[in-house]
Amino acid sequence: YDACVADTQRGLSRVLDALRLDAVVVTSQDEYITEYLPRSNNPRYALSGFDGSAGCGIFLSAATAQALGVPPFVLFVDGRYHLQAEQQCDPAHVRIEKLGMNVTIWQALGDWLVAHASRLARVGYDALRISVAQRDRLIEQTQPASLDWTSLVEREIDRAIALPGWVVERPIFELPDTMTGASVAQNLDALNRRLAAHTGAAPGKTAFFTCASDDLAYLLNSRGYHIPNVSSHLGFLFAVGAQVVLFLPEGCDRCPVELTSYPALHVIRRDFAELERFLASCAVDHVCYGFESVNCALVESVRRVWPHARHADFNPVEAMRASKTPAVLDRFLDAFARSSAAIAETMRWAKAGEPGRRHTEYDLARTINDAYGARSAVALTFPSIAANGANSAFAHYTTASAEVELTEGELVLLDSGAYYDAGFATDCTRVVLRRTRPETVAQPWQREIYTVALKACIKGLVTRFPKTATGGDVDAAVRQVCRDHGYDFGHGTGHGVGIHVHEGGVRFAPGAKYGLVPNAVISVEPGIYVPGKGGVRIENIVIVRADDDASDTVSFENIVTVGYDWDLIDIELLDDDERAYLRDYERLCVERGTQVTACPLL
């Protein structure tokens, strides 16, 4: 792939010279600010060869790169991807900036631009592939450098690197209200009430728009599976009172729309002029949208339609999505029961193998895929992470290899998830010791990191937190268990789970200000990674529940029932409460047929 990277870099370098730019910011996002993109629509991948889900960079003109003595592409990655970026990127073409826990990718990118401002004057950004908040933070952070920022709105980067792009024609269809617990009309009524409370404007005077595909899927009770590993669909949504427009840009404009339950929905395909005419018929004083999740080019189009309207960074849909209805929680419980059975079956296979047969990471990924399919899954929620031995130390190892054998006595990690009929994501990580022979035993370091990660996970599952606690407080409590034993991990403790496997509105991470929203669904997933040897991540998914016994606390209901590998648990490191918890948990797994190894506490 290095030759392809070199070709794409040369193509973009020529465009930078033509535009008289010293550098351009390159993201891994599309115009919908999507997290997981196909490689064919990912400019960062085309320019670096790195295909992790997070990371962006700065592409330098040939003269600037030479003056700074660095390769043309500077890639910024967080702790999940340090090892993967090293493995995938050629240092002749890509310089990797590895970030610590307390520095965001965008913050580091801005700092780099300021630090090298003496060689930079004009810097571009793709207005379709960067959110308003990302752009505004960059411009504010780099003010000391007096950079001349240039908005690119004609897909100049995509054309320069001959990016194939993404075209989809799958239908957009609706779910019954029984699966979501609310009708489209009820969703829009709740949206408009929140908008009115925020702006104080009269009915019909506030417009809301979004290009976040899970916002669309939530508000319209719709699904489409337009991008690999997401159940939602593409498009831009505009709501003004009861009037709703679904705009389908080029690339998804040929998708059939099978949404009949809300007659006031207007579908406009590809024609921006028609969209602007329709919106201009509404007299709007306020425009609300999430600055983090709307691209800059779309906002400029809206400003042309309503030039005097006030703009507010307000997306109530994120909070609406976070707190699940009872009907949605029922779908989650069903989905996780199916996924737990699939994972337990697969982990027993990964551990014991089959007599006389060789198995690889690829076989493990294929086996979990088949196990999900046998339980009526319709798609994976992300490419399964199937890692053997030292590869399990990559927090987000992405390419299960047909050449890497599942090795006797090594750690085998599987992080996977699936969608079922309602299109809500599942996610779970388990690790086992590959043990096809009775004499195989775990090494002390394997037992230690597994047990410590398990203790940290249990801490998150059983602690009753004050209802005023934040996601940062939960992260700190879980992380401290690892730190008490001399370990830490370079990612957050948990992410929201919903229509997408990573959902905004709740998060367990250092400094996270999100509250503990009742009826939110979120992961608890501490990990310990030993480069060159192996790693452990133990991930369960919980529902945040308001505590019946104490009105000032919340508790977590674990909805994953996949047993643990007792070959890797040092019982002496467990306290009495942890043993009691595990005894009850493994008993439940036995009842459901999801135990992985025999529990000595039973």
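An account of the accompanying structure is given in this report. (Residues numbered from 1 in each chain as written. Predicted model: local features only at pLDDT ≥ 70, side-chain atom pairs only at ≥ 80, totals over all residues. Heavy atoms only, no water.)

1. A short note on the overall build of the protein chain
Okay, so step 1: Along the protein chain, the regular secondary structure elements total 18 helices and 28 strands.
Okay, so step 2: Expected size for 602 residues packed as a compact globule is a radius of gyration near 25 Å; at 25 Å, the protein chain falls within 12% of this value.
Okay, so step 3: By its C-alpha atoms, the protein chain is 70 × 60 × 45 Å across when sized along the principal axes.
Okay, so step 4: Expressed as a percentage of the 602 residues in the protein chain, the buried residues total 60%.
Okay, so step 5: A separation of at least 24 residues holds for 71% of the contacts in the protein chain among residues at least 6 apart in sequence.
Okay, so step 6: For the protein chain, the computed accessible surface area is about 23300 Å², with 50% contributed by carbon and sulfur atoms.
Okay, so step 7: Taking the 57 positively charged and 76 negatively charged side chains of the protein chain as two groups, their mean positions are separated by 1 Å. (Helix = DSSP H or I, 4+ residues; strand = E, 2+ residues; numbered from the N terminus. Rg over C-alpha atoms; globule rule 2.2 N^0.38 Å. Buried < 20%, exposed > 50% of the residue type's maximum accessible area, 1.4 Å probe, protein only. Contact = heavy atoms within 4.5 Å. Areas by Shrake-Rupley, 256 points an atom, 1.4 Å probe, with all protein chains shown as cover. Lys, Arg positive; Asp, Glu negative; His and termini not counted. Charge placed at Lys NZ, Arg CZ, Asp CG, Glu CD.)

2. Considerations on the packing of helix α16 (residues 444-462) against helix α18 (residues 576-592)
Okay, so step 1: Relative to each other, α16 and α18 sit at 80 degrees, their axes nearing to 11 Å. Accordingly, the angle class assigned to the pair α16 and α18 is roughly perpendicular. Each of Leu 454, Lys 455, Ile 458, Leu 461 and Val 462 in α16 lies in contact with α18, whose residues at this interface are Glu 578, Tyr 581 and Leu 582.
Okay, so step 2: In terms of residue class, the contact of α16 with α18 is made up of six nonpolar, no polar and two charged. (Axes fitted to C-alpha atoms, helices over the stretch in contact; angles between N-to-C directions. Parallel < 35°, antiparallel > 145°, perpendicular 65-115°, else oblique. Nonpolar A, V, L, I, M, F, W, Y, C, P; charged D, E, K, R; others polar.)

3. Notes on unusual backbone geometry
Okay, so step 1: The phi torsion at Arg 20 lies on the positive side, around 60 degrees, for a residue other than glycine.
Okay, so step 2: Inspection of the secondary structure assignment puts Arg 20 in the loop between α1 (2-19) and β1 (23-26).
Okay, so step 3: Residue Arg 270 is not a glycine yet carries a positive backbone phi of 70 degrees.
Okay, so step 4: With respect to the helices, strands and loops of the structure, Arg 270 is situated in the loop between β13 (265-269) and α11 (272-280).
Okay, so step 5: For Arg 270, a relative accessible area of 45% puts it in the partly exposed group.

4. What to know about the side chain of Thr 142
Okay, so step 1: Structurally, Thr 142 is set in the loop between α6 (132-141) and β6 (148-152).
Okay, so step 2: Judged by its relative accessible area of 1%, Thr 142 falls in the buried class.
Okay, so step 3: Setting aside chain neighbours within four positions, we find Thr 142 in contact with Gly 110, Leu 113, Val 114, Leu 147 and Trp 149.

5. Details of the nonpolar core
Okay, so step 1: Core analysis: the biggest nonpolar cluster contains 207 residues, and Phe 238 and Trp 306 have the highest contact counts within it.
Okay, so step 2: No other element matches helix α14 (residues 326-352), which puts eleven residues into this core.
Okay, so step 3: Apart from residues no more than four positions distant in its own chain, Trp 306 is found in contact with Ala 207, Val 240, Leu 279, Ala 280, Cys 282, Val 284 and Val 287. (Core = buried A, V, L, I, M, F, W, Y, C linked by side-chain atoms within 4.5 Å.)

6. Describing the side chain of Ser 401
Okay, so step 1: Turning to its location among the elements, Ser 401 is positioned in the loop between β17 (385-388) and β18 (411-416).
Okay, so step 2: By relative accessible area, which is 18% here, Ser 401 ends up buried.
Okay, so step 3: Residues contacting Ser 401, with those up to four places away along its chain left out, are Thr 360, Glu 361 and Tyr 362.

7. Quick word on the pairing of strand β20 (residues 428-433)
Okay, so step 1: Summarising burial for β20: six of the six residues are buried, a large majority.
Okay, so step 2: Taking every second residue as pointing to the same face, both faces of β20 are buried, with Cys 428, Arg 430 and Val 432 on one and Thr 429, Val 431 and Leu 433 on the other.
Okay, so step 3: Relative to β20, β18 runs antiparallel, the two being bridged by six bridges. Counterpart to Leu 413 in the pairing with β20 is Val 431. (Pairing = 2+ DSSP bridges.)

8. Observations regarding the environment of Asn 102
Okay, so step 1: Positionally, Asn 102 belongs in the loop between β4 (94-98) and α5 (105-115).
Okay, so step 2: Along the backbone, Asn 102 and Arg 331 are 229 residues apart, and their C-alpha atoms lie at a distance of 36 Å.
Okay, so step 3: Those residues in contact with Asn 102 that sit more than four places away from it in its chain are Gln 107 and Pro 510.

9. Here's the deal with the packing of aromatic side chains
Okay, so step 1: Counted according to the given criterion, the structure contains 16 aromatic pairs.
Okay, so step 2: Summarising the aromatic geometry, the rings of Tyr 125 and Trp 149 are spaced 6.3 Å apart at their centres and angled 55 degrees between planes, so their arrangement reads as tilted. Here Trp 149 lies in strand β6 and Tyr 125 lies in strand β5 (residues 122-126), a separation of 24 residues in the sequence.
Okay, so step 3: Note on Tyr 125: relative accessible area 8%, which makes it buried.
Okay, so step 4: Taken together, the aromatic side chains of Tyr 32, Phe 236, Phe 247 and Phe 272 make up a single cluster linked through ring pairs.
Okay, so step 5: It is Arg 223 that lies over the ring of Phe 424; its NZ or CZ is 5.0 Å from the centre.
Okay, so step 6: A cation over a ring is seen here: Arg 479 above Phe 489, with NZ or CZ 4.0 Å from the ring centre. (Phe/Tyr/Trp six-rings, centres within 6.5 Å; stacked < 30°, edge-to-face > 60°. Lys NZ or Arg CZ within 6 Å of the ring centre and 35° of its normal.)

10. Here's the deal with the pattern of salt bridges
Okay, so step 1: Under the definition given, this model contains 41 salt bridges.
Okay, so step 2: In this structure, Arg 270 engages Glu 250 in a salt bridge whose closest nitrogen and oxygen atoms are separated by 3.4 Å. Here Glu 250 lies in the loop between β11 (243-248) and β12 (257-258) and Arg 270 lies in the loop between β13 and α11, a separation of 20 residues in the sequence.
Okay, so step 3: For Glu 250, a relative accessible area of 54% gives the class exposed.
Okay, so step 4: Between Arg 303 and Glu 300 there is a salt bridge, with its nearest N and O atoms 3.9 Å apart. Pair noted here: Arg 303 and Glu 300 are both in helix α12 (residues 296-305), with a separation of three residues, about one helical turn.
Okay, so step 5: Residues participating in the shared-partner salt-bridge network are Glu 31, Asp 126, Arg 129, Arg 155 and Asp 158. (Salt bridge = Lys/Arg side-chain N within 4 Å of Asp/Glu carboxyl O.)

11. Things to note about the sheet that holds β4
Okay, so step 1: The strand order across the open sheet built from six strands is β4-β3-β2-β1-β5-β6, with neighbouring strands paired in mixed fashion. Only two strands of the sheet have a single partner each, and these edge strands are β4 and β6. Taking the axes of each pair of neighbouring strands and ignoring which way they run, one obtains an average angle of 25 degrees across the sheet.
Okay, so step 2: As paired elements, strand β2 (residues 56-60) and strand β3 (residues 73-77) share four bridges and run antiparallel to each other. Residue pairing for β3: Cys 56 is matched across the bridge by Phe 76.

12. Examining the packing of α5 against α6
Helix-helix packing is characterised by the crossing angle of the two axes and by the distance between the axes.
Okay, so step 1: Where α5 contacts α6, the two axes come as close as 9 Å, and the packing angle between them is 35 degrees. The two elements α5 and α6 cross, and the hand of that crossing is right-handed. Contacts from Trp 106, Gln 107, Leu 109, Gly 110, Asp 111, Leu 113 and Val 114 of α5 reach α6 at Gln 134, Leu 138 and Gln 141.
Okay, so step 2: Partitioned by chemical class, the residues of the contact of α5 with α6 number five nonpolar, four polar and one charged. (Left-handed = near helix turned anticlockwise from the far one by under 90°.)

13. Topic: the sheet that holds β17
Okay, so step 1: Spatially, β17-β18-β20 is the arrangement adopted by the three strands of the open sheet, whose pairing is antiparallel. Two strands close off the open sheet at either side, each with one partner strand: β17 and β20. Averaged over all adjacent pairs, the angle separating strand axes in this sheet is 10 degrees, with direction ignored.
Okay, so step 2: Contacting β18 and β20, α14 runs over the sheet at an angle of about 25 degrees to β20.

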